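Inside the fold
The chain contents come next:
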Amino acid sequence: MTIGRTGGRQRSSSARQAVLCATAELLDEQGYGKITIEGVAARSGVAKSTIYRWWKSKPALVMEAQAEAVAQRMPEPDTGSVEADLIAFAAALYRVVEFPLRVEALRGMMAEAQLDSDFAGHFREWVQSRRKVMSDILSRGVARGELAADLDLDHATDLIFGPFWYRLLVAHAPLDPADAPAHITRLLAGLRRPSIG
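Residues numbered from 1 in each chain as written. Predicted model: local features only at pLDDT ≥ 70, side-chain atom pairs only at ≥ 80, totals over all residues. Heavy atoms only, no water.

1. Quick look at a nonpolar patch on the surface
Residues Tyr166, Leu169 and Val170 make up a contiguous nonpolar surface patch of roughly 290 Å² in combined accessible area. Judged by its relative accessible area of 39%, leucine 169 falls in the partly exposed class. (Patch = residues over 30% accessible without salt bridge, like charges linked within 9 Å, V, L, I, M, F, W, Y side chains within 5 Å. Areas by Shrake-Rupley, 256 points an atom, 1.4 Å probe, with all protein chains shown as cover. Salt bridge = Lys/Arg side-chain N within 4 Å of Asp/Glu carboxyl O. Buried < 20%, exposed > 50% of the residue type's maximum accessible area, 1.4 Å probe, protein only.)

2. With respect to the packing of helix H6 (residues 100-115) against helix H8 (residues 153-170)
Contact geometry of H6 with H8 gives a least axis separation of 10 Å together with a crossing angle of 95°. Taken together, the axes of H6 and H8 lie roughly perpendicular to each other. Between H6 and H8, the contacting residues are Val103, Leu106, Arg107 and Met110 on the first element and Phe164, Trp165, Leu168 and Leu169 on the second. (Axes fitted to C-alpha atoms, helices over the stretch in contact; angles between N-to-C directions. Helix = DSSP H or I, 4+ residues; strand = E, 2+ residues; numbered from the N terminus. Parallel < 35°, antiparallel > 145°, perpendicular 65-115°, else oblique. Contact = heavy atoms within 4.5 Å.)

3. Points about the packing of aromatic side chains
Scanning the model with the defined rule gives 7 aromatic pairs in all. Ring geometry for tryptophan 54 and tryptophan 55: centres 6.0 Å apart, planes at 80°, overall edge-to-face. Residue classification places tryptophan 55 among the buried positions, given a relative accessible area of 5%. Seen in terms of ring centroids, phenylalanine 89 and phenylalanine 161 are 5.7 Å apart; in terms of plane orientation they differ by 85°. Their pairing is edge-to-face. Here phenylalanine 89, found in helix H5 (residues 82-94), pairs with phenylalanine 161, found in helix H8; they are 72 residues apart in sequence, far enough to count as distant. Here the aromatic cluster, defined as three or more aromatic residues joined through ring pairs, consists of Tyr32, Phe119, Phe123, Trp126, Phe164 and Trp165. The aromatic ring of tyrosine 32 is capped on one face by lysine 58, whose charged end is 4.3 Å from the ring centroid. A cation over a ring is seen here: arginine 102 above phenylalanine 99, with NZ or CZ 4.2 Å from the ring centre. (Phe/Tyr/Trp six-rings, centres within 6.5 Å; stacked < 30°, edge-to-face > 60°. Lys NZ or Arg CZ within 6 Å of the ring centre and 35° of its normal.)

4. Some points on the layout of surface pockets
By rolling a water-sized probe across the atoms, one finds the places where empty space is left. Volume-wise, the largest pocket comes out at about 420 Å³. Val70, Met74, Leu93, Trp126 and Phe164 are, among the 21 residues lining the largest pocket, the residues nearest its centre. Those elements giving two or more residues to the lining of the largest pocket turn out to be helix H4 (58-73), H5, H6, helix H7 (117-143) and H8. Here the lining of the largest pocket gets 5 residues from one element, more than from any other, and that element is H8. Within the lining of the largest pocket, the residues separate by chemical class into 13 nonpolar, 2 polar and 6 charged. (1 Å grid on protein atoms, 1.4 Å probe; cavity = no way out; pocket = protein on both sides within 12 Å on 5 of 7 lines; lining within 4 Å. Points joined across faces, edges and corners; volume = space filled by probe spheres on them. Nonpolar A, V, L, I, M, F, W, Y, C, P; charged D, E, K, R; others polar.)

Right, dumping it as structure tokens:
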């Protein structure tokens, strides 16, 4: 009888998760610019050589950690109503203001994406993953007849994310989760399926 190796995959999975969690914590605490692989190794207890074997660069590691953290904090709503889904999503999105360090980290990543082409590619992949969540919500609304059949999904997604990023970066007006229902209701007035008769 052959006895297979046990525990290796579990240990690797646990170590990988420790690295991602440590990276997400450091991103919130320090911002992108101050994160180092050495710091992640110290926080996670995983060797620096192992981290470099799993992730080819700091941008790849940071944006994977960010993607995983955001997916956990903001699971895709699917209530059966496009309005309820959009309100839940927008409220969760706006709730970032309750975490000032997280706000600063997002601003820093947006700035870094304009300056570092390597980081920009990973940042855009993450942004696209969040756009995909929104596009799926809108597509379900179209399929249920709640939204116009010819809805431009890309443009509608821009309309939903636009106020968030503009207010986050320019700070000309507050981001308040309590405003999410009103924002979505006004937006949906222009996206709904035209009434017949």
